[in-house]
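Listed here are the chains, written in short residue letters.
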Amino acid sequence: MISLQNLSLSLLTIIFAVFIWEYKPAREANQYQNFQDTEIKVYGPYRAVKLPINKGVTIGNPIQIALGPKGLLYAMNQTGEVYTLHDSDADGLEDSTALYCHVGDFGLRSPAGFAHRGDIVYIGTAQEIRAFRDLNNDGKADTSWTFFNKIPNSEHPYEWTSGLQFGPDGWLYAAIASDSWNAGAAPDPRGIRGSIVRISPDGKTSEIVAKGIRSVPGMDFNTYGDLLFTDNEGGGNPTEELNRLEVGSFYGHNKKKFPSDSGRVKKPDFNLISEVAPSSIEFNKSNNDFGGTGGDLFVSYYGPGERWNRGALSRVIVTRKPDNTYQYVEYTIADIPKISDLAFGKNGSLYLSLHGKADYWYNAVFKEQGGFYKLIYDPENKSKGNYTRPKESKTFSQNTLELGKQLFAESACLGCHQVDGKTELLGPNLKDVSKNFSGAEILESIQYPSRQIKPSMGGVRITKKDGSVLLGRVINSQNDQLAFMVVGNQIINVKKSEIEKMENESKSLMYENLLSGMTAEKRDALLDYLMSLSKD
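Everything in this summary refers to the structure shown in the same document. It should be emphasised that the depicted structure is a prediction, and the values quoted were computed from it without experimental measurement. (Residues numbered from 1 in each chain as written. Predicted model: local features only at pLDDT ≥ 70, side-chain atom pairs only at ≥ 80, totals over all residues. Heavy atoms only, no water.)

Within the protein, the regular secondary structure consists of five helices and 31 strands. For 536 residues, the compact-globule estimate of 2.2 N^0.38 gives 24 Å, and the protein sits close to it at 25 Å. On the principal axes, the C-alpha backbone points of the protein span a range of 95 × 60 × 50 Å. For the protein, the proportion of its 536 residues judged to be buried stands at 51%. Look at the contacts in the protein between residues 6 or more apart in sequence, and 56% of them connect residues 24 or more apart. Accessible surface, the protein: about 25,000 Å² in total, of which carbon and sulfur atoms supply 50%. (Helix = DSSP H or I, 4+ residues; strand = E, 2+ residues; numbered from the N terminus. Rg over C-alpha atoms; globule rule 2.2 N^0.38 Å. Buried < 20%, exposed > 50% of the residue type's maximum accessible area, 1.4 Å probe, protein only. Contact = heavy atoms within 4.5 Å. Areas by Shrake-Rupley, 256 points an atom, 1.4 Å probe, with all protein chains shown as cover.)

Given below as structure tokens:
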């Protein structure tokens, strides 16, 4: 029989434990105030703290962050360094780095994928997946071997091997980026580029489990064993996609490469809307509350091209229904520029890697760009529950829209852009353009079309061996020929054997000064029309 005294002591113990649990996150949030980035817009009960890293490996456009062996955070630079993050003064914020390995030492580049099994680290690069191991426990890999190398490589900067995840079956799953944008793509008889592969634990056996992907930087398994993955808009993908793996499915990108599969496109499970270019995903553990988000999916966004102030973080509530399908609801958590990856640390906080400025192809050309953030749950922040960024109101008069539509046709916009969300012309389809860009950004793109050029829309000049010159953009690349769209939206098949040289154009294919002489009233009407093309 429990005595009244023992019962009182038990109640006091419970109350004290609850107090400590609530007080510790609050104390943690307060102690980091000096490092909080108040310029970042946060829409939930969190604080964004920039890690004060000032020792060790120089940060250079980090493209990965992940929880690895011994509960350490591993990060990877675009320049090839793989390193661990450390808290040297035990204040709760990582402030130094230590080199684990450098993939450049093995002639490899773009370490865009990370996974680990025990103390073995697997790094996905453009050319192969390589395994590393620290045998003497000094924090640096001292042995490595090729785990998987059946990847066609032609040195294009977008040829990544990403999204590495070990499945419940013990096999390693990896996304091999499409080569559709590569005019000089390497021969790929197996059709491995533009696919998801699974590789046996010993690396000796592999199989393609999905085709028709474009660029899949983020994959993760949920508690039911289903693999979810993102894919970027463009090249036949009308939206920023969240997909669920169904083995043997075709996901719609690069139909010319996979003609036998092109008639059975699997639609995305969900269209992501918080930003442009999802860069990674990770499920929060069900026992990690983190502001009431246990079991939810977190999505990071890089944002559009060279707009250095764009990027976001969102939370997706994923609910499995009785028929084994899923329901998704997305909420924006923060606007944080150029997030390249995210990872939950061993303490339950969310870490973010920020890529920073780069060149046209996202390569590291500026010194010491990028950094890392820690998103800390703050129980004193009352913004709990289903939080998201406020929506901008869009109201337009019918007369303004009619005038804008007329100007769109008269100003030659219609000659290179469609607005149906499907048709591909020389310029990008402008359906839903205001979901991706503000009115000011759209206006800037019209006035200064060469200031930011989406790489997949970049102009190319082809000089053929007979002396003729073609100017346009590559629509599709196959082993022996290119599908090349020229001005007038005509698609020409060009044999690679006939090409003398190919050069990327530094200027946009879009005409300059399209708004020259247009009154402010007409310019505003044109912008209103473009903004109205997006559905809420």
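Consecutive side chains along a regular strand alternate between the two faces of the sheet. Extensive coverage of strand β17 (residues 240-244) is indicated by the burial of five of its five residues. Of the two faces of β17, the one carrying Glu240, Leu242 and Arg244 and the one carrying Glu241 and Asn243 are both buried. Judged from the four bridges that link them, strand β16 (residues 227-231) and β17 form a sheet pairing that is antiparallel. Paired with Asp231 across the bridge in β17 is Glu241. Of the pairings in the sheet, the one linking β17 to strand β19 (residues 270-272) comprises three bridges and is antiparallel in character. Residue pairing for β19: Glu241 is matched across the bridge by Asn271. (Pairing = 2+ DSSP bridges.)

Across all of its chains, the model carries 20 salt bridges by this definition. In this structure, Asp179 and Lys257 form a salt bridge, with 3.0 Å as the shortest nitrogen-oxygen distance. Of this pair, Asp179 sits in the loop between β12 (172-176) and β13 (195-199) while Lys257 sits in the loop between β18 (249-250) and β19; the two residues are 78 residues apart in sequence, bridging distant segments of the chain. With respect to class, Asp179 is no different from Lys257; both count as buried. Residue Lys257 is joined to Asp188 by a salt bridge in which the shortest nitrogen-to-oxygen separation is 2.6 Å. Of this pair, Lys257 sits in the loop between β18 and β19 while Asp188 sits in the loop between β12 and β13, placing them 69 residues apart in sequence. The pair Lys257 / Asp188 is uniform in exposure class, with both members buried. Among the charged side chains, a salt-bridge network with shared partners connects Asp169, Arg198 and Glu207. (Salt bridge = Lys/Arg side-chain N within 4 Å of Asp/Glu carboxyl O.)

Turning to the nonpolar core, a few remarks are in order. Membership of the largest hydrophobic core comes to 18 residues, with the highest contact counts inside it found for Phe290, Leu313, Leu350, Leu352 and Leu375. Looking at this core, the elements that each hand over two or more residues are β2 (46-50), β23 (326-335), β24 (339-344), β25 (350-354) and β26 (371-377). In this view, Leu313 contacts Val299, Ser300, Thr332, Ile333, Ala334, Ile339, Leu342, Leu350, Leu352 and Leu375; residues no more than four positions away in its chain are not counted. Membership of the second largest hydrophobic core comes to 17 residues, among which are Val433, Ala525, Leu526 and Met531. (Core = buried A, V, L, I, M, F, W, Y, C linked by side-chain atoms within 4.5 Å.)

One pass over the structure, following the stated rule, counts 19 aromatic pairs. Seen in terms of ring centroids, Phe290 and Phe344 are 5.5 Å apart; in terms of plane orientation they differ by 85°. Their pairing is edge-to-face. Residue Phe290 is found in the loop between β20 (278-283) and β21 (297-301), and its partner Phe344 is found in strand β24; the two are separated by 54 residues along the sequence. With respect to class, Phe290 is no different from Phe344; both count as buried. Between Tyr326 and Tyr328 the ring centres are 6.3 Å apart and the planes differ by 35°, which places this aromatic pair in the tilted class. Side by side, Tyr326 and Tyr328 carry an identical accessibility label, which is buried. An aromatic cluster is built from Tyr46, Phe290, Phe298, Phe344 and Tyr377, whose rings are joined through pairwise contacts. The ring of Phe166 carries Arg117 above its face, with NZ or CZ at 4.1 Å from the centroid. (Phe/Tyr/Trp six-rings, centres within 6.5 Å; stacked < 30°, edge-to-face > 60°. Lys NZ or Arg CZ within 6 Å of the ring centre and 35° of its normal.)

On to the sheet that holds β2. Pairing within the open sheet is antiparallel, and its four strands lie in the order β2-β26-β25-β24. Sheet topology places β2 and β24 at the edges, where each strand pairs with a single neighbour. Within this sheet the neighbouring strands show an average axis-to-axis angle of 25°, counted without direction. As defined by bridge partners, β2 adjoins β26 across five bridges and the pair is classed as antiparallel. Directly across from Lys50, in β26, lies its bridge partner Tyr373. (Axes fitted to C-alpha atoms, helices over the stretch in contact; angles between N-to-C directions.)

Before going further, it helps to examine the environment of Lys435. Following the sequence through the fold, Lys435 ends up in helix α3 (residues 433-436). With relative accessibility at 38%, the residue Lys435 sits in the partly exposed group.

The end-to-end C-alpha distance of helix α5 (residues 520-532) is 18 Å, a good match for the 18 Å that 13 residues give at a rise of 1.5 Å each. Along α5, the positions that sit buried rather than exposed are Ala525, Leu526, Leu527, Tyr529, Leu530 and Met531. The elements touched by buried residues of α5 are α2 (398-410), α3 and α4 (439-447). (Expected span 1.5 Å × (residues − 1).)

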